[in-house]
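Single-letter residue listing:
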Amino acid sequence: MEKKPHFVRREFLPREVPSISLALLLAAVLLLNALLYLYLDKFYISLGRVETDRGLCPFGHFKFGAVKNCSPWLSCETINREVRKLRCVGEGAVKKVFLSEWKEKKVVLSQLTNSELKEDFLHGLKMLKALQSKHVVRLLGYCEQQFTILTEYHPLGSLRGLNETLHIPKYKGMNTWHRRLMLAIDYVSVIRYLHSSPLGTLVMCDSNDLDKVLSQYLLTSDFHILVNDLDALPLVNRSAGRLVKCGHRELQGEFVAPEQRWPYGEDVPFEDDLMPPYDEKTDIWKIPDVSNFFLGHVEGSDIVRLHLFDIHAACKKKDPAERPSAQEVLDTYRKVLTLLIQEAAMPGTREML
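Residues numbered from 1 in each chain as written. Predicted model: local features only at pLDDT ≥ 70, side-chain atom pairs only at ≥ 80, totals over all residues. Heavy atoms only, no water.

Naming follows an unreviewed UniProt entry, where the chain appears as Protein O-mannose kinase of Catharus ustulatus. Heading Catalytic activity (unreviewed entry) of the UniProt record for the chain holds this comment: "3-O-[beta-D-GalNAc-(1->3)-beta-D-GlcNAc-(1->4)-alpha-D-Man]-L-Thr-[protein] + ATP = 3-O-[beta-D-GalNAc-(1->3)-beta-D-GlcNAc-(1->4)-(O-6-P-alpha-D-Man)]-Thr-[protein] + ADP + H(+)". (UniProt positions renumbered as here; feature names shortened; annotations may be inferred.)

Printed below as a string of structure tokens:
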């Protein structure tokens, strides 16, 4: 006799379960938001720490390496006696740069090479002394009589080598849209600091092409940006009617701002005396091109570009007065970073809800 199959009656959970699941999902979202808030709060505190904080040393002093105490800037005598040159690592129009050693630590010694440009060299030293902050390479000492400057050494070098650095196995984990956007934020933070510096509104004039811009900044071992070359930082003073001109030669190309180019056409020969001056908004014009370099072509970088499209379009306004301030650009970059981190932390949350 054939047995009839037995059907086991399943007891279904009450209909309240979906509500419980929804409550758990909402709780998870709130927890993620709380953790994200704590992360971003810590991140922005680090971004917004006191601009002149270099280990709480007073003016004319520095901290170096793991040393806890502040030391006075090294004098001519100390530099001559204790600093040893190792090799030349770079040379520009104004100075030659040597990797050197002081108390078994690597340092950088810069020396004037062209006596005709000594005013530029001394101006750079003046800026370096006055602008010491988290945005500027650390000054260790100087000797005006010998036209010598001693600064901290950063082994990753200038931003020219950023992409090569990110392909080194040790740093491949840094090659993400998140880290690259943070570098762009660092860069805009430097521009904002120069535009609201203790000395007033300063314009980064050594910036006529992308390669020149990148050469002015250093990449630290913890992947932050420091401005390193301050030889060409003229002051804008609107109340006194003082604007600036970056050098005395004609500037060309799409990288420089429209107001930096000769306005009278090819039929009129360039004359420096006829060239109109301009203000710090030339730096704003260049931000999208520099940031585009930082963002690179990693996964997610195009999404970042999409979010930055409007602010970058504003930076490229032909009328300088219509461009945003560096602070406005910085605020937008930070908002985009916050938004994208939230979306990355909770992918698909909207659809789930």
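Position of G65 among the secondary structure elements: in the loop between β1 (61-62) and β2 (71-72). C-alpha of G65 to C-alpha of E152: the two residues are 87 residues apart in sequence and 9.4 Å apart in space. (Helix = DSSP H or I, 4+ residues; strand = E, 2+ residues; numbered from the N terminus.)

Strand order in the open sheet formed by five strands is β3-β4-β5-β7-β6, with antiparallel pairing between adjacent strands. The open sheet has two free edges, formed respectively by β3 (83-91) and β6 (139-143), since each of these has just one partner strand. Strand-to-strand twist of the sheet, defined as the mean angle between neighbouring strand axes without regard to direction, takes the value 25°. Note: β3 against strand β4 (residues 95-102), seven bridges, orientation antiparallel. (Pairing = 2+ DSSP bridges. Axes fitted to C-alpha atoms, helices over the stretch in contact; angles between N-to-C directions.)

As a further point, take the pattern of salt bridges. Considering all chains together, one arrives at 14 salt bridges under this definition. Between D229 and K95 there is a salt bridge; the shortest N-O distance is 3.7 Å. Here D229 is found in the loop between β10 (225-227) and β11 (235-236), whereas its partner K95 is found in strand β4, with 134 residues between them in sequence. Summarising the burial analysis for this pair, D229 and K95 share the class buried. In this structure, the salt-bridge partner of R238 is E280, at a minimum N-O distance of 2.9 Å. Placement of the pair is R238 in the loop between β11 and α7 (281-295) and E280 in the loop between β11 and α7, with a sequence separation of 42 residues. One salt-bridge network, held together by shared partners, links E77, R81 and E82. (Salt bridge = Lys/Arg side-chain N within 4 Å of Asp/Glu carboxyl O. Buried < 20%, exposed > 50% of the residue type's maximum accessible area, 1.4 Å probe, protein only.)

It is worth spelling out the nonpolar core at this point. L131, L181, Y187, Y217, F294 and Y333 are the most contacted members of the largest nonpolar core, which has 72 residues in total. Among the elements that take part in this core, helix α5 (residues 177-195) stands out by supplying 12 residues, more than any other. In this view, Y333 contacts L181, A184, I185, V188, I287, S291, L308, I311 and H312; residues no more than four positions away in its chain are not counted. By size, the runner-up hydrophobic cluster in this structure holds 10 residues, among which are V203, V244, C246 and L251. (Core = buried A, V, L, I, M, F, W, Y, C linked by side-chain atoms within 4.5 Å. Contact = heavy atoms within 4.5 Å.)

Note on placement: Y264 falls in the loop between β11 and α7. Sequence separation between Y264 and M275 is 11 residues, and the spatial gap between their C-alpha atoms is 9.0 Å. Residues within four places of Y264 in sequence aside, it is in contact with L274 and P276.

Our focus in this paragraph is the environment of E77. Residue position: E77 is located in helix α2 (residues 76-82). Its relative accessible area of 57% is what places E77 among the exposed residues. Put simply, E77 and Y142 are 65 residues apart on the chain and 10.0 Å apart in space, counted from C-alpha to C-alpha.

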